[in-house]
Protein chains: 2
Amino acid sequence: MPPPLNVVELIRRKRGGEALAAAELTDLIIAYTQGDVPDYQMAAWLMTVVWRGMTVDETTSLTLAMADSGERLSVRHQVSPVADKHSTGGVGDKLTLVVAPLVAACGLPVAKMSGRGLGHTGGTIDKLEAIPGLRTNLTRQQMLDILRAHGLVLAAQSATLAPADGKLYALRDVTATVESIPLIAASIMSKKLAVGPSHLLLDVKVGMGAFMKSVDDARELAHLMVKIGSSAGIRTVALLTAMEQPLGNAVGNALEVAEAIETLRGNGPADVAELALDETATLLAMANIVPGEDTGRQRAEQAIADGSAVAKLAEVIAAQGGDPAVVATPAMLPRATWREDVLSPKSGYLAAIDAEAIGRIAGRLGAGRQRKEDTIDPAVGLLLRAKVGDYVAAGNPLVAIHAPSSAAADGVRDNLLTAYRWSDQPPATHPLLLERIER
Amino acid sequence: MPPPLNVVELIRRKRGGEALAAAELTDLIIAYTQGDVPDYQMAAWLMTVVWRGMTVDETTSLTLAMADSGERLSVRHQVSPVADKHSTGGVGDKLTLVVAPLVAACGLPVAKMSGRGLGHTGGTIDKLEAIPGLRTNLTRQQMLDILRAHGLVLAAQSATLAPADGKLYALRDVTATVESIPLIAASIMSKKLAVGPSHLLLDVKVGMGAFMKSVDDARELAHLMVKIGSSAGIRTVALLTAMEQPLGNAVGNALEVAEAIETLRGNGPADVAELALDETATLLAMANIVPGEDTGRQRAEQAIADGSAVAKLAEVIAAQGGDPAVVATPAMLPRATWREDVLSPKSGYLAAIDAEAIGRIAGRLGAGRQRKEDTIDPAVGLLLRAKVGDYVAAGNPLVAIHAPSSAAADGVRDNLLTAYRWSDQPPATHPLLLERIER
């Protein structure tokens, strides 16, 4: 029998700034997942990690232990190559809905497992569930069957995937231990490792509308995740992308699905289209589907132009029990009963649209959830009529509110305008794609 | 109705290095004591305190909140002046058993409430309970009656005294959050404030045999406790005293009681007698019972010489149901069945006796407890036959083992010798009393 785990001693050593060994972290995570280490000891340990940080080796060991805490799908042993794409999340970020079908249409299979997540607007799964009939709760077998048949599957993470992460995240949320780059990296990467793609693209959002506010923090997180992915045999690239104003025009679940469909048809907003092409080209080149990113970009543009990208989305919707007609007729998506335009109170160039404020307001309309048990209204949200750099004349539409009622719209209208800044001169433009980080 | 306490926000702010307000700390402690804040949140908060420290104001507020978490005895509103004396604890530290009766015999009432405590040897209460028949679990009324009638009471802390401290200490013990000077100060002083003496002498032990290993840490703790005591209207003085070798010769509960009695009779070891006179003189002068410490010392020496000091101990033993004859006949105390001398393996001056090692060995013989539910054997322990600076010839007695059996003695004999260092030259001598700290 191994000696019993001395958790107090592990906490004490970490408190002193020591790095714990891989076996110690594995034992700690196993014992915690099994309920043999109480939450109060784990909470103290988590705070020492926030305080002292973790080495790359520690973070990798922790991530592997978390990935091993439940079922490992190892999709790359079933289909190879097989890609995954993850975003750290931003307001209006519907890129997964564009990139996954686009990459698959270009010949690289994509197994995308997503969480529901808390936040102002729903996660990818919440967005997908705005599509009538679509099922995302798939068994492992269903998931693999759909992936093999269609080169694409969009599924909800089951609770058996890295259960240690679910338990740890719930504890971090109530103990102010969320803000730790190693813990964030381990949380994200443990689920990716449990899925086990061969190629992984990480979109690390940075800016006022993202969880990572500074480029330095985002870069550190990206480097760490790339190292962890590489250590686990997954070819991993991270892109740092700007998140100051919302991405695209649509913020809200069904609105974002409609915008993703438009983008796959070649009619999407410039920023969404541009980033989707960048990410698709990166993944195709990573997996050697194309000789380089320029060719990857051409291939992606072609898949949009010839309709194969949007057809791939329709195909996977049908395979997962949804009505593929929604792709041709986005008006079939849930639609808010109260829709009104908020008009610009002045004339000028839009200098800033505070993504976080926009997200918070969409959340108040019912687009997101604060607690796990909250339900999301797929129909509601905001539709930006102008983006940063656009000139708007006073009295012209600035943003449309899609609300469950006029009273709900009344409750956010004034607040909405505080998210906007105008200027007399066109503001300087900044690229969306800031950095590419790989091993 | 007040807004609900946002504990996550309090943890987050402390994590960022912010000082919390008095009302916030009070609310936190009330809610925790009532079970409305879970252990995992408290554990995370405790670790932020270990990390970030606390200001004097924060520590004072925390201490007051902990003191207010249960019954407040406020003894100084019943008897005034009334003194208390607290030691942070060291190996062989039986000073309370000497100083409390000595101070009382000199005309300053003493209300001494003690804990049982974990450690190598018992706390003051465990030592007292080596006296046949003596009761220390007194009601508030019994305690006050004995204090008024005899100017002295030696009682066990009830669980209603600062219950927040009991709950917090248990949590700190299992989350590696014991080692924090503000938390240590708050733990000690919350109980002192709940008792409420008018004068308080703190003996802060420093050295290898004490919890505080460095003079800097001990000084910081002493300053903090003096400030807290003074803020609460208690005249407080702290003495930093050295704890490298054990204090006196006896280590073990009944052995220490016997040595305390001998000291009250004027036959105690020089170090115990010296420190007892220092502490008694300090308390008498603090409370203006004597014009200055020199007079206080003379008064104490006189109380020893005229027998009034030892008579005061006999008086309180009788008042608390014990047999006062033990004072005249210490052989009535429990006595270990196996007693043997360990002989010095070489000749030389004793250069060092590792107090912590001696304490640990006494604990292994049964003199202390590792867990709350352990029982103490009052009879066992160690009796030093020589102290640092003494010359011992090879084959002469070094230390006597008082064990429950010869097998128990066999188990510690070799280990015992590793606590000793010899030298050819007499070692330099160091004073026991290092510093006096007051407001």
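In this text the structure is predicted, and so the values were computed from the model without any measurement.

Things to note about the overall build of chain A
Looking only at helices and strands, chain A features 18 helices and 13 strands. Relative to a compact globule of 439 residues, whose C-alpha radius of gyration would be 22 Å, chain A shows 22 Å and is just as compact. Projected onto its principal axes, the C-alpha coordinates of chain A cover approximately 75 × 45 × 40 Å. In chain A, buried positions account for 55% of the 439 residues. Put simply, 79% of the contacts in chain A that link residues at least 6 apart link residues at least 24 apart.

Thoughts on the sheet that holds strand β7 (residues 338-343) of chain A
Residue and element names in this part refer to chain A. Strand order in the open sheet formed by four strands is β6-β9-β11-β7, with antiparallel pairing between adjacent strands. Edge strands, defined here as strands with exactly one partner in the open sheet, are β6 (250-251) and β7. Here strand β9 (residues 381-384) pairs with strand β11 (residues 397-403) via four bridges, running antiparallel. Across the sheet, the residue bridging to L384 is V399, located in β11. Against the sheet, helix α16 (residues 355-367) engages β6, β9 and β11, with an angle of about 140° to β9.

What about the interface of chain A and chain B?
Of the residues lining the interface, 20 residues belong to chain A; the matching set on chain B comes to 20 residues. Across the chain A/chain B interface, buried area totals approximately 1700 Å², and carbon plus sulfur atoms make up 71% of it. Per-residue buried area on chain A facing chain B is highest for Y40(A), M47(A) and W51(A); these three make up 33% of the total on that side. One salt bridge connects E179(A) with R12(B), and the closest N-O pair in it is separated by 3.6 Å. Taken together, chain A and chain B are joined by six residue pairs in polar contact (both at pLDDT 80 or more).

Observations concerning the confidence of the model for chain A
Confidence along chain A averages 95 in pLDDT terms, with 98% of residues attaining 70 or more. The complex model carries a pTM of 0.90, and its ipTM stands at 0.88.

Side note on the relation of the copies chain A and chain B
Its rotation angle being 180°, the transformation that places chain A on chain B also includes 0.1 Å of axial translation and leaves an RMSD of 0.0 Å. Taken together, the rotation and translation relating the two chain copies correspond to the operation of a two-fold axis. Among all C-alpha atoms of chain A, that of Y40(A) lies closest to the rotation axis, at 1.8 Å. Mapped onto chain B, 100% of the interface residues of chain A again fall at the interface, so both copies present the same surface.

A closer look at the domain arrangement of chain A
Residue and element names in this part refer to chain A. Under the domain assignment, chain A is made up of domain 1 (7-53), domain 2 (75-330) and domain 3 (336-423). For domain 1 versus domain 2, the distance between C-alpha centres works out to 31 Å. In this complex, domain 1 contributes 11 residues to the contact, which on the side of domain 2 involves 12 residues. Each partner contributes to the roughly 1100 Å² buried at the junction of domain 1 and domain 2, and carbon and sulfur atoms together form 82% of this total. The interface formed by domain 1 and domain 2 holds zero salt bridges in total. Between the two partners, domain 1 and domain 2, sit one residue pair in polar contact (both at pLDDT 80 or more). Elements represented by at least two residues in the side of domain 1 that touches domain 2 include exactly α2 (22-33) and α3 (39-52).

Topic: the packing of aromatic side chains
Applying the stated criterion across every chain yields a total of five aromatic pairs over all chains. Taking 5.7 Å as the distance between ring centres and 5° as the angle between the ring planes, the aromatic pair formed by W51(A) and W51(B) counts as stacked. On the criterion of chain membership, the pair formed by W51(A) in helix α3 and W51(B) in helix α3 (residues 39-52) is interchain, its members lying in two chains. There is no split in this pair, since W51(A) and W51(B) are both buried. With a centroid separation of 6.1 Å and an interplanar angle of 35°, the aromatic rings of Y420(A) and W422(A) are classed as tilted. For Y420(A), a relative accessible area of 2% corresponds to the buried category.

Structural notes on helix α4 (residues 56-67) of chain A
All names here are of chain A. With 12 residues, α4 extends 16 Å between its outermost C-alpha atoms, agreeing within 8% with the 16 Å of an ideal straight helix rising 1.5 Å per residue. With nine of its 12 residues buried, α4 lies for the most part within the structure. Of the residues making up α4, those classed as buried are E58, T59, T60, S61, L62, T63, A65, M66 and A67.

Some thoughts on the side chain of D203(B)
Residues and elements named next belong to chain B. Looking at where D203 falls in the secondary structure, it is placed in strand β4 (residues 199-206). Classification of D203 as buried rests on a relative accessible area of 1%. One polar contact links D203 to T241, side chain to side chain, over a distance of 2.7 Å. If near-sequence neighbours (up to four positions away) are discounted, D203 is found in contact with H86, S87, T88, L95, L239, T241 and E279.

Observations concerning the pattern of salt bridges
Residues and elements named next belong to chain A. In the structure shown here, the tally under the stated rule is 60 salt bridges over all chains. One salt bridge connects R436 with E438, and the closest N-O pair in it is separated by 2.8 Å. The exposure class of R436 is partly exposed, given its relative accessible area of 35%. Judged by its relative accessible area of 33%, E438 falls in the partly exposed class.

Re unusual backbone geometry
For the bond from S80(A) to P81(A), the omega torsion is -5°, close enough to zero to count as cis. Structurally, P81(A) can be placed in the loop between α4 and β1 (83-87). Phi at A162(B) is positive, roughly 45°, even though this residue is not glycine. With respect to the secondary-structure elements, A162(B) resides in the loop between β3 (152-156) and α8 (163-174). For A162(B), a relative accessible area of 2% corresponds to the buried category.

About the thresholds
Along each chain, the written sequence defines residue order, and numbers are assigned to residues from 1. Numbering of ligands from 1 and lettering of chains from A proceed in the order in which they are written. Local features in a predicted model are, by the rule used here, given only for residues with pLDDT of at least 70; side-chain atom pairs are given and counted only at 80 or more, and totals for whole chains, interfaces and linings are based on all residues. Computation of side-chain values covers all heavy atoms of the structure but excludes hydrogens and water. Secondary structure follows DSSP: runs of H or I at least 4 residues long count as helices, runs of E at least 2 residues long count as strands, and numbering of each begins at the N terminus. Computation of the radius of gyration draws on C-alpha atoms alone. For the globule rule, the value is 2.2 Å times the number of residues to the power 0.38. Working definition: with a 1.4 Å probe on protein chains only, accessible area under 20% of the residue-type maximum means buried, over 50% means exposed, and in between means partly exposed. Whether two residues are in contact is decided by their heavy atoms: any pair within 4.5 Å suffices. Two strands are said to pair when DSSP picks up at least two bridges between them. Only the stretch in contact is used when a helix axis is fitted, and all axes are lines through C-alpha atoms; the angle between N-to-C directions ranges over 0 to 180 degrees. Note on definitions: buried area is the accessible-area loss of two parts on being combined, 1.4 Å probe, summed for both. The term salt bridge refers to a pairing of a side-chain nitrogen on Lys or Arg with a carboxyl oxygen on Asp or Glu at a separation within 4 Å. Any N or O atom pair separated by 3.5 Å or less is treated as a polar contact, with the protein-specific requirement of one donor-capable and one acceptor-capable atom, and with residues adjacent in sequence counted only for side-chain atom pairs. Confidence of the predictor at the level of single residues is given by pLDDT, which spans 0 to 100. We place the copies in one frame by least squares, fitting the C-alpha atoms of every residue whose pLDDT is at least 70 in both. Domain borders in the structure are assigned automatically or taken from a domain database. Within 6.5 Å between ring centres, the rings of Phe, Tyr and Trp (the latter by its six-membered ring) count as paired, and their orientation is classed by plane angle as stacked under 30 degrees, edge-to-face over 60, tilted in between. A helix's residues, less one, multiplied by 1.5 Å, set its expected span.

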